Amino acid sequence: MNDTERKQATPSHTNRLIHETSPYLLQHAHNPIDWYPWGPEAFEKARREDKPILLSIGYAACHWCHVMAHESFEDEETARLVNEHFVSIKVDREERPDVDMIYMNVVQMLTGHGGWPMTVFLTPDGEPFFGGTYFPPEPRYGMPSFKQLLLNVAEVYRTRRDDITANARQIMEELQHISAPTLVEGEVTADVLDQAYVRLYRSFDEQHGGFGAAPKFPAAMNLIFLLRYYQRTKRPEALHMVELSLTKMAYGGIYDQLGGGFHRYSTDEKWLVPHFEKMLYDNALLSRVYLYAYQITNKPLYRRIAEETLQYVIREMTAPEGGFYSAQDADSEGVEGKFFVWSPDEIMRVLGEADGTLLCKYFDVTTWGNWEGHSILNVPRPMSVLAKLEGLSEDELRQVIERGRKKLFEHREQRIKPLRDDKIITCWNGLMLRSFAEAAAILNRDDYRQVAIANAEFLLTHLQRDGRLLRTYRDGISKLNAYLEDYALLIDGLLALYEATFELRYLQEARRLADIMIEQFWDDVAGGFYFTSHDHERLITRAKEFYDNATPSGNSVAADVLLRLALYFDVPEYRQRAERILRATIESVRRFPSAFGHLLGALDFYCGAPKEIAVVGRRAAADTQALLRVIFDRFLPNKIVALKEPDDEELVGELIPLLRDRSAIDGRATAYVCQNFTCQRPVTDAAMLGAQLALGRLPME
């Protein structure tokens, strides 16, 4: 029995979702509610029967989605009301982010907040007139019961149609403004980076790390920006904010202390109690932050967390074909967090009295627990402190902890695991592709390189049709038009993979996809990229997304990759389009920098006189590898790297101007470092290359 089948209720009913591939939709395929997937059939039925539409949006790893499903969607009386008065549509937000974005804007507009499960009521033409998120089965939390809501909406729709029409019209007018905002263009200058740093500094939690209060999200993109800012300015406070945050998270309950990988967010300010689902995109971004911090500080903790996170992805989230799965649920056996919590008795049974006592002290496992009577593993004090208290050397204690971690992990593997959403989403795979490719280059690990190559080959083979990207893959079926974020993030991953392998094909694929992205998504009138392609299904509005949320926005990533492609291929048009995005968003970035973490990186690249590094040499040769180690051992976010073999001039030099007319000096691997149309003298010595890379803006020859 697979994950999705385990989640489904006893199939006394079957609805149209049974023909879908989304694990989330399949979880509802046996609800007594007559669910439709998003599509013309549902809207035609609503128009024919003159019924409003109940639109429910969620995702497979969403805890409160499961709660509402059990309380309401599996309830026969609720289903009777829904089926009598509504046409019901169920949407997986991860498959259809275009639909989710539109109606999430509506819910936030109506209620001041958003989230999932999302519940929206529509006219038969898809225009929203009321919405919210979770509704309980009985009146509580100041909310009506879901059944009361259904009856009230049905009555209003039947008796006060003019009010419904007027409300929908008013919402639609505001939605058009939100979805395609009129952006005030400004001058792109580096001072916005200083302003962003100040704003992040003011919201920083000096005690626990991170930003703001509970619930606390890892904010990986903002942490990456702070590392870039440290690299730019050498302000120690910027690095301190990142290090405190990374250390507190690494030792907190938000990190899986046994299996590696991060949970979605922390419900408290101390990183102790997570919301237990694990998302592919969080682990892609966080592994990257820890890698970069390791490059800067050389601290083993950061390398360990990055490697354990990537090993978790290999073990739990990688399909045999090479794609990466989407998420793991917060729940197992219907209970949130059950898979991850411990008691002292269980640890003693696994480890014995002596080791068990030490592990309980190290991981904060007590009889009273630290969460709902159970213990979430976390490390409240450094190993050195506990070693001193126990009269052990730090090395002796470390051996006990590592031995115990291994045994506890093996024991935990016998538990029923959280459900896994095993669909493969192009954009999230692009995020993780970049993380594995960068880890391969930074840590010089060929196993990570092979994971990245397998993933890229899978995406380029199975997530394309007629040269165009698709959104999602599961059980041998690829479907749905790709969105802007799918193109931009796959391009991003391919660029990183090129620098990890120097296989020209990946760079060529990145450029080809960028040209399609421009052709299909660019707004020739107002600038910027639409979320959906020009030939996409017509929805009630066509949105643009600029803010970076849990994942970077398509426009942020597009600006970043176009700036890099402009340098690789010497195509001014790429840079001009990136500049237009930066100009269009710069005033919003000044006001709300924390909402533009990835875009701040693109701004830093744009303002940072990036280094263009050409290497000529045999890829596998020791002298070439010595030069590459100098390049990738250090944190140089504002760079591109290209390589050619000595006899590749005709092919590679023609495609990549940076490599044109470059040659190996005296038959030795040679590096050329250029910046601002000026080049340093070519070098064959690794130490001399390091000295050149340590310079800021290059002097004239």
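Every chain's residues receive numbers from 1 upward, in the order its sequence appears when written. Per-residue local features are limited, in this predicted model, to residues with pLDDT of at least 70; the limit for side-chain atom pairs, both in listing and counting, is 80 or more; totals at the level of whole chains, interfaces and linings are taken over all residues. As a rule here, side-chain values come from all non-hydrogen atoms in the structure, and water together with hydrogens is ignored.

Draft legend 1. Seen up close, the pairing of strand E3 (residues 87-92). Of all six residues making up E3, six are buried, and the element is well covered by its neighbours. Note on classification: 1.4 Å probe, protein chains only; a residue is buried when its accessible area is under 20% of the maximum for its type, exposed when over 50%, partly exposed between these limits. Secondary structure elements follow DSSP: runs of H or I no shorter than four residues count as helices, runs of E no shorter than two count as strands, and numbering proceeds from the N terminus. Of the two faces of E3, the one lined by Val87, Ile89 and Val91 and the one lined by Ser88, Lys90 and Asp92 are each fully buried. Strands are treated as partners if at least two bridges between them are detected by DSSP. Pairing of strand E1 (residues 35-37) with E3 involves three bridges; the strand directions are parallel. Its bridge partner lying in E3, Pro37 is registered against Lys90. Two elements, strand E2 (residues 53-58) and E3, share six bridges in a ladder whose sense is parallel. In the strand pairing of E3, Ile53 is matched with Val87.

Draft legend 2. Examining the nonpolar core more closely. Core analysis: the largest hydrophobic core is formed by 188 residues, its most contacted members being Met517, Phe529 and Ile656. Residues in contact with Met517, not counting those within four places in the same chain, are Leu484, Tyr487, Ala488, Ile491, Trp522, Phe529, Ala558 and Leu562. What we call a nonpolar core is a set of buried Ala, Val, Leu, Ile, Met, Phe, Trp, Tyr and Cys residues that are connected through their side-chain atoms within 4.5 Å. Residues Trp38, Ile53, Leu55 and Met118 belong to the second largest nonpolar core, which totals 25 residues. In this description, contact between two residues means that some pair of their heavy atoms is separated by no more than 4.5 Å.

Draft legend 3. Molecular detail of the confidence of the model for the chain. With 96% of its residues at a pLDDT of 70 or more, the chain has an overall mean of 94. Per-residue confidence from the predictor is given as pLDDT, running between 0 and 100. For residues 1-10, every residue scores under 50 in pLDDT, and the model assigns this stretch 19 contacts once sequence neighbours within four places are set aside.

Draft legend 4. A look at the sheet that holds E3. Read from one edge of the open sheet, five strands run E1-E3-E2-E4-E5, paired in mixed fashion. Each edge of the open sheet is held by one strand with a lone partner, namely E1 and strand E5 (128-132). Neighbour to neighbour, the strand axes of the sheet diverge by 30 degrees on average, direction disregarded. Pairing analysis gives five bridges linking E2 to strand E4 (residues 118-122), with the strands arranged antiparallel. Looking at the pairing, Ile57 lines up with Met118 of E4. Fitted lines through C-alpha atoms give the axes, limited to the stretch in contact for helices. The angle between two N-to-C directions lies from 0 to 180 degrees. Relative to E4, helix H7 (residues 146-159) is tilted by about 15 degrees, and along the sheet it contacts E2, E4 and E5.

Draft legend 5. Quick look at helix H16 (residues 383-390). Considered for burial, the residues of H16 that qualify are Met383, Leu386 and Ala387. Summarising the axial view, the buried residues of H16 lie within an arc of 105 degrees, below the 170-degree limit, and thus occupy one face. Those residues of H16 that are exposed and angled more than 90 degrees off the buried face are Lys388 and Leu389. Looking at the buried residues of H16, the elements they touch are helix H15 (353-363) and helix H17 (394-412). Think of it as the arc spanned by the lines of direction from the helix axis to the C-beta atoms.

Draft legend 6. Broad picture of the sheet that holds strand E22 (residues 678-679). Taking strand neighbours across the sheet as the criterion, the four strands line up as E20-E19-E21-E22 in an open arrangement whose pairing is mixed. At either end of the open sheet lies a strand with only one pairing partner, and these are strand E20 (639-644) and E22. Judged from the six bridges that link them, strand E19 (residues 611-616) and E20 form a sheet pairing that is parallel. Bridged to Ala614 within E20 is Ala642.

Draft legend 7. Region of the structure containing the state of the cysteines. In this description, the term disulfide denotes a pair of cysteine sulfurs within 2.5 Å. Taken as a whole and assessed by the stated rule, the structure comprises two disulfides. Disulfides within the chain link the bonded cysteines, taken in sequence order, as 1-2, 3-4.

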